[in-house]
Amino acid sequence: MYKRVLIVVSLSQIFGGAGLAAGITVGALLAQQMLGTDAFAGLPSALFTLGSAGAAFIVGRLSQRYGRRIGLATGFITGGLGAIGVVIAALINSVFLLFASLLVYGAGTATNLQARYAGTDLANNKQRATAISTTMVMTTFGAVAGPNLVDVMGKFALSIGIPSLAGPFILSAIAFILAGLVLFIMLRPDPLLLAKSIEAHQHQIVSGKALHHAPPLMNKKGIIVGAVVMILTQIVMVAIMTMTPIHMQHHGHSLGAVGIVIGFHVGAMYLPSLVTGILVDKIGRTAMSIAAGVILLFAGLIAAYAPSDSMFMLIVALSLLGIGWNFGLISGTAQIVDATEPSTRAKIQGTIDVFIALAGASGGALSGMIVANSSYATLSLTGGLLSLLLIPVIIWYRQAK
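Residues numbered from 1 in each chain as written. Predicted model: local features only at pLDDT ≥ 70, side-chain atom pairs only at ≥ 80, totals over all residues. Heavy atoms only, no water.

Per an unreviewed UniProt entry, the protein goes by the name MFS transporter and belongs to Lysinibacillus mangiferihumi. Under the heading Subcellular location (unreviewed entry), UniProt records this for the protein: "Cell membrane". (UniProt positions renumbered as here; feature names shortened; annotations may be inferred.)

The next thing to look at is the overall build of the protein. Scanning the protein for helices and strands turns up 17 helices and zero strands. Reported as C-alpha extents along the three principal axes, the dimensions of the protein are approximately 70 × 45 × 30 Å. Burial statistics for the protein: of 401 residues in total, 58% are counted as buried. Restricting the contact set of the protein to residue pairs at least 6 apart, pairs at least 24 apart contribute 87%. As displayed, the protein offers around 15300 Å² of accessible surface, 71% of which is attributable to carbon and sulfur atoms. (Helix = DSSP H or I, 4+ residues; strand = E, 2+ residues; numbered from the N terminus. Buried < 20%, exposed > 50% of the residue type's maximum accessible area, 1.4 Å probe, protein only. Contact = heavy atoms within 4.5 Å. Areas by Shrake-Rupley, 256 points an atom, 1.4 Å probe, with all protein chains shown as cover.)

It is worth spelling out empty space enclosed by the protein at this point. Taken as a whole and assessed by the stated rule, the structure comprises two cavities of 30 Å³ or more. Each pocket or cavity is described by its volume, and for the largest cavity that value is around 250 Å³. As for the largest cavity, its lining consists of 20 residues, of which Phe-48, Thr-109, Leu-113, Gln-234 and Met-237 are closest to the centre. Going through the elements one at a time, helix 1 (2–35), helix 2 (43–66), helix 4 (95–118), helix 10 (220–250), helix 11 (255–270) and helix 15 (342–373) are the ones with two or more residues in the lining of the largest cavity. (1 Å grid on protein atoms, 1.4 Å probe; cavity = no way out; pocket = protein on both sides within 12 Å on 5 of 7 lines; lining within 4 Å. Points joined across faces, edges and corners; volume = space filled by probe spheres on them.)

A few words now on the packing of helix 15 against helix 16 (residues 376–386). Where helix 15 meets helix 16, the closest approach of the two axes is 7 Å, and the angle between their N-to-C directions is 135°. The angle between the axes of helix 15 and helix 16 places the two elements in the oblique class. Residues Ser-367, Ile-370 and Val-371 of helix 15 lie in contact with helix 16, whose contacting residues are Tyr-376, Thr-378 and Leu-379. Looking at side-chain class alone, the contact of helix 15 with helix 16 contains four nonpolar, two polar and no charged residues. (Axes fitted to C-alpha atoms, helices over the stretch in contact; angles between N-to-C directions. Parallel < 35°, antiparallel > 145°, perpendicular 65-115°, else oblique. Nonpolar A, V, L, I, M, F, W, Y, C, P; charged D, E, K, R; others polar.)

A few words on the domain arrangement of the protein. It is common to report an interface's size as the accessible area lost on association of the parts. Examined at the domain level, the protein breaks down into domain 1 (1–208) and domain 2 (220–400). When each unit is reduced to the centre of its C-alpha atoms, the spacing between domain 1 and domain 2 is 18 Å. A combined buried area of about 4500 Å² lies between domain 1 and domain 2, and 66% of that area is made up of carbon and sulfur atoms. The interface formed by domain 1 and domain 2 includes two salt bridges. Residue Arg-128 pairs with Asp-338 through a salt bridge whose shortest N-O separation is 3.1 Å. The interface formed by domain 1 and domain 2 includes 15 residue pairs in polar contact (both at pLDDT 80 or more). Elements with a minimum of two residues in the side of domain 1 that touches domain 2: helix 1, helix 2, helix 4, helix 5 (128–148), helix 6 (150–159) and helix 8 (191–205). Of all the elements, helix 5 adds the most residues to the side of domain 1 that touches domain 2, at 13 residues. Partitioned by chemical class, the residues of the side of domain 1 that touches domain 2 number 24 nonpolar, 19 polar and ten charged. (Domains from an automatic or database assignment. Buried area = accessible area lost by both parts, 1.4 Å probe. Salt bridge = Lys/Arg side-chain N within 4 Å of Asp/Glu carboxyl O. Polar contact = N/O pair within 3.5 Å; in protein donor to acceptor, adjacent residues only side chain to side chain.)

Summing up the model confidence of the protein, the mean pLDDT is 86 and the portion of residues at 70 or higher is 93%. Taken as a whole, residues 211–216 scores under 50 in pLDDT and shows one contact with residues more than four places along the chain or in a different chain. (pLDDT = per-residue confidence, 0-100.)

Any aromatic ring pair is given by two values, namely how distant the centres are and how the planes are angled relative to each other. In this structure the tally under the stated criterion is four aromatic pairs. A centroid spacing of 5.7 Å and a plane angle of 50° characterise the contact between Tyr-105 and Phe-176, whose relative ring orientation is tilted. One end of the pair, Tyr-105, is in helix 4; the other, Phe-176, is in helix 7 (residues 167–186), and 71 residues separate them in sequence. In this pair, the class of Tyr-105 matches that of Phe-176, namely buried. Here Tyr-270 and Trp-325 contribute two aromatic rings whose centre-to-centre distance is 5.6 Å and whose plane-to-plane angle is 70°, an arrangement assigned as edge-to-face. Of the two residues, Tyr-270 sits in helix 11 while Trp-325 sits in helix 14 (residues 311–338), which places them 55 residues apart along the sequence. Neither Tyr-270 nor Trp-325 differs from the other in exposure class; each is buried. Ring pairing ties together the aromatic residues Phe-76, Tyr-105, Phe-169 and Phe-176, which thus form one cluster. Note that Arg-69 overlies the ring of Phe-184, its terminal NZ or CZ placed 4.6 Å from the centroid. Across from the ring centre of Tyr-117, 4.2 Å away, lies the NZ or CZ of Arg-116, which sits over that ring. (Phe/Tyr/Trp six-rings, centres within 6.5 Å; stacked < 30°, edge-to-face > 60°. Lys NZ or Arg CZ within 6 Å of the ring centre and 35° of its normal.)

As structure tokens, this is what we get:
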């Protein structure tokens with residue numbers, strides 16, 4: 001069952017990855033075009049990330065009560081409807097509808113992240129990070145293809161009378177809805193419901209005395225540390241990533257070049273999962289969390305000081321940004337799963353993903369303001385330095401154990 005769940009979730013993640021790529025690649029450019037200013041170009045990222053916060057809470061609660069199948073399928077299909085709304089907003093040039101639709105589109109982003117937990121429900125403690133990695137690797141296929149289809153989808157959109165920047169959201173709508181249908185049809189029996197049944201059965205066969213002396217079901221310090229690691233890496237990644245397309249456009253790079261750089265970035269967010277999960281399971285959650293902070297620092301430094309017309313250096317910086325995020329997300333997620341039990345796991349995971357999403361929304365919203373009032377270099381340097389906060393958090397946790 002563990003292997004079957006991984007296969008089904010991985011299949012859905014291929015579509016989910018393609019769905020999330022549109023907002024990352026052209027969301028800021030679409031807002032800039034419709035609003036006529038850079039100052040609010042970070043708003044799309046902030047809005048769909050804010051929407052993902054509400055969706056993470058709802059998907060977590062739905063999953064806890066009805067299982068992963070219902071929770072995840074609902075989230076993906078809702079995200080697809082949001083992408084359709086973005087396309088309509090661009091067609092009728094409605095900023096209000098654009099912002100409302102981006103909030104709903106965020107449900108797909110939240111669900112794409114929540115799906116990583118489904119693979120861990122039936123995994124033992126030496127398989128959890130590897131299970132997370134497996135589903136994230138499959139996200140790579142869609143997530144890398146999405147940005148590189150920007151030009152193709154833009155031309156297709158123009159051919160049917162829709163603004164070119166709305167084209168990638170057509171792909172998002174189809175991809176998110178397909179991801180939801182895959183989970184709804186194929187994720188049977190539900191892994192979380194099965195894990196809860198196993199947990200209940202184990203409790204029944206434990207004697208009253210043994211149960212009385214059983215260890216606590218939650219490790220609160222572990223939950224805090226896992227959450228902080230994911231929140232900090234999310235802020236840094238979203239802030240720098242959001243303004244990179246605007247920065248590139250200002251320095252003469254084409255939309256195709258933007259797609260390539262973001263494609264490398266998204267690939268680096270997910271492809272390292274081939275080995276990240278194994279490393280997290282083998283050398284430990286804390287070591288990989290520290291590595292995440294160091295890599296994000298280098299990403300910020302390179303983005304800040306690289307020549308603005310150097311596409312190669314931007315690819316290096318954004319690739320490191322993706323790798324640092326990957327290390328932080330997988331090590332933090334594994335820490336959360338270690339610290340929780342099936343009976344409360346989905347609810348806690350959903351709540352934590354709310355804070356992660358809100359952190360990303362803050363990073364996205366502030367990024368445009370920082371660049372408008374200072375520079376892309378200032379934003380990148382600030383993000384890199386912020387990532388170093390991971391190290392004292394890890395030291396506190398190690399001392400508290």
